Amino acid sequence: MTRCCPTLSRQPAFDAPHVGEPLDVAFDAGVNLAFAAAAPTVPLKLTEHSRRMAQRIYRVAERVYCAVGYALANIIFVVGDDGIVVIDATEAVSAARRIYEDFCAIDPRHRALPVKAVVYTHNHTDHTGGVRAFADEAALASGRVEIIAHRSLMDAVINNANLVAPILGTRSAYSFGALLPSGAAGKVNAGIGPVLVAEPATFLAPTRVFDERLDIALAGVRFEFRYAPSEADDEIVMWLPDLGVLLSAEVVQGECLANVHTLRGTRYRDPVRWYRSLDMMRGFGATHLVPAHGRPVSGAAAVEDVLSVYRDAIQFIHDQAIRHMNHGLTPDELADAIPALPPHLAVHPWLGEYYGTVKHAVRQVYVGQLGWFDGDPASLDPLPRVERARRMVDMMGGAQAVHAAAVAALDGHDWRWAAELAALLVRIDTADMDARRVKARALRELGFRTENTNWRNWYLSAANELERAYDDLPFGGAAAFASTDVLRAQPLRNLFQGFGVRVDPARCAHTHLTLVFRIADRNETYALELRRGVLQVHEGEPARCDVRLALDAQTLYALLGDLATRLPAGLADGSVVLERGTREQLLAFFDGFERPTGRMPALAAR
């Protein structure tokens, strides 16, 4: 890898067309982690999009630098009088350290300045996971470094870590192509960045939080923090009034259409709040726009252009979805009625559907406003999906006839229909390898033809799943959302509440036991009452106590990955003390919980 540090002179735009004034390249790493070579299995526009992701650090304005192309998200450095402010930390410590080294190579004075603050623009791992490159517990405790975020950030972190981490881990792997090789037959780029760096994420809880606004000087630089709910409910942006710089976080999701709905899954992203946040940002009259993904934009007219078309695209999606919903259209019908942006928006270089798509966004609006029910009473209590598939296949002449029709669809390049037909056969019999291979081939052909990276990665990952490439793959998908750092950063009560979603009601239909945890070094007590399929968490010791354990917090955190199987070892070595009840009662309590499978859940082969 060739790394160089050119002179800080203004250079022309390169790699792909760029909106605004020419980019000022402060450091050119000489690489691009995205796959940027032309190939018959990659649409030309997607190849061109990869070429926007060259690994470089741009000097946006005096004091402000933006590192693009090192990971999924950017890192922004603001150089103050006596220190540096770091905005976002990417998803990986290794990427963050590489960025910092290259940033220091630009000017040796950078290394002499301490990091004064780290800002989380929102809770997503690609913005927080590399934080230990810049801070640790000692730095926070001494006040040398502070971490700034919105007050609601920890609520989002806790929800993701305790409730939906396993499925989010799997779906995120599919969305970002984490299981695919890079190249013409695999992942090309990640839409908003070149690649998601696969590495255990770190996390440190914020030390300073705010609600609507925070005006503060950091390292001698004036920052105006503003709450800007958009793609995340805890999103914040920063206005640097003395520099004319707007740090737009992920309110602007890089050089592509906003992901109003994300395939990996998340809570409702309200388009109205989103475009209103953009309107608030337009009011600053910024000369420079620095997003958390994609290249910066300079020039007041160019900044206004990007912000205005971005908000218009989001409002168009919302308003037209509502308009057609009011005429009775269902989510699928909305996707047919509103398949794309109007031409004047669709051609804008910051609105290509490489990440977000109109077809999925309008469905999100429907579900967010009306819920899952499409209005047809036949949808109220339909046949189970396997039974419905079986009856449909029988009506179509049986499995052999459907398989022949699917193969004919493949031969006719009718990939979508081939995938649908094969899906019926897989649903009836997940072990039918002939059907799985037909569906896999159809999905792979669809993947090679789409410009959207999320669609491509899902198509290709699902094809691999159908071909059993992931059958023996150890599953650690929850790690990014429930890392040790994330667990330690939250109250113990929240950790215990996460046990409730692991209860198997069939295994404990007649069980009523209360397990008390006495956390000796914290002088805290929590009780888990398992009551016939429901788990209630109590703070303090309740009147009913069947079993009580004494242990310290560090031991508890070590056991949390699989408490039921790790607890016996703790009892054996004395790190866990059984103060009340019997081992038989303890085993009966944990018998009511499902065990980790160690395997990814099936998504396409079911």
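Report follows, based on the coordinates.

Conventions adopted
Residues numbered from 1 in each chain as written. Predicted model: local features only at pLDDT ≥ 70, side-chain atom pairs only at ≥ 80, totals over all residues. Heavy atoms only, no water. Helix = DSSP H or I, 4+ residues; strand = E, 2+ residues; numbered from the N terminus. Rg over C-alpha atoms; globule rule 2.2 N^0.38 Å. Buried < 20%, exposed > 50% of the residue type's maximum accessible area, 1.4 Å probe, protein only. Contact = heavy atoms within 4.5 Å. Areas by Shrake-Rupley, 256 points an atom, 1.4 Å probe, with all protein chains shown as cover. Lys, Arg positive; Asp, Glu negative; His and termini not counted. Charge placed at Lys NZ, Arg CZ, Asp CG, Glu CD. Salt bridge = Lys/Arg side-chain N within 4 Å of Asp/Glu carboxyl O. Expected span 1.5 Å × (residues − 1). Polar contact = N/O pair within 3.5 Å; in protein donor to acceptor, adjacent residues only side chain to side chain. Pairing = 2+ DSSP bridges. Axes fitted to C-alpha atoms, helices over the stretch in contact; angles between N-to-C directions.

### Side note on the overall build of the chain
Summing up its helical and strand segments, the chain has 22 helices and 19 strands in all. Whereas a compact globule of 606 residues would reach a radius of gyration of roughly 25 Å, the chain reaches 26 Å, a difference of no more than 12%. With the C-alpha coordinates aligned to their principal axes, the bounding extent of the chain is approximately 70 × 70 × 50 Å. Looking at the 606 residues of the chain, the share that counts as buried comes to 55%. Within the chain, contacts between residues at least 6 apart in sequence are counted, and of these 70% link residues at least 24 apart. On the chain, roughly 25000 Å² of surface is accessible, and the fraction owed to carbon and sulfur atoms is 52%. When the 63 positive and 72 negative side-chain charges of the chain are each reduced to one mean point, those points stand 2 Å apart.

### Here we look at the pattern of salt bridges
Inspection of the entire model under this criterion finds 37 salt bridges. Close ionic contact of aspartate 233 with arginine 273 constitutes a salt bridge, the shortest N to O distance being 3.5 Å. Here aspartate 233 is found in the loop between strand S10 (221-227) and strand S11 (236-240), whereas its partner arginine 273 is found in helix H8 (residues 271-282), with 40 residues between them in sequence. What makes aspartate 233 partly exposed here is its relative accessible area of 39%. Look at arginine 273 and you get partly exposed, because its relative accessible area is 34%. Across the pair arginine 493 and glutamate 539 runs a salt bridge whose closest N-O atoms are separated by 3.5 Å. Placement of arginine 493 in helix H19 (residues 492-497) and of glutamate 539 in strand S17 (residues 534-539) is noted, with a sequence separation of 46 residues between them. Arginine 493 sits in the partly exposed class, given a relative accessible area of 26%.

### Notes on helix H17 (residues 453-466)
With 14 residues, H17 ought to run about 20 Å at 1.5 Å a step, and its terminal C-alpha atoms sit 20 Å apart, in line with that. A large share of H17 lies buried, amounting to 12 of its 14 residues. Taken together, the buried residues of H17 touch helix H1 (44-50), helix H7 (165-175), helix H15 (415-428) and helix H16 (433-449). One side-chain oxygen at the N-terminal end of H17 lies 3.0 Å from the backbone nitrogen of asparagine 454; it belongs to asparagine 452. Two residues or fewer after H17 comes arginine 468, characterised by a positive phi angle close to 70 degrees.

### A look at the sheet that holds S10
Strand order in the open sheet formed by 6 strands is S9-S10-S11-S12-S13-S14, with mixed pairing between adjacent strands. Only two strands of the sheet have a single partner each, and these edge strands are strand S9 (213-218) and strand S14 (297-298). Sheet topology places strand S12 (residues 245-249) next to strand S13 (residues 288-291); 4 bridges connect them, and they run parallel. From the neighbouring strand, leucine 247 faces S13, where its bridge partner is valine 290. Each of S10, S11 and S12 touches H8; the most contacted strand, S10, lies at about 155 degrees to it.

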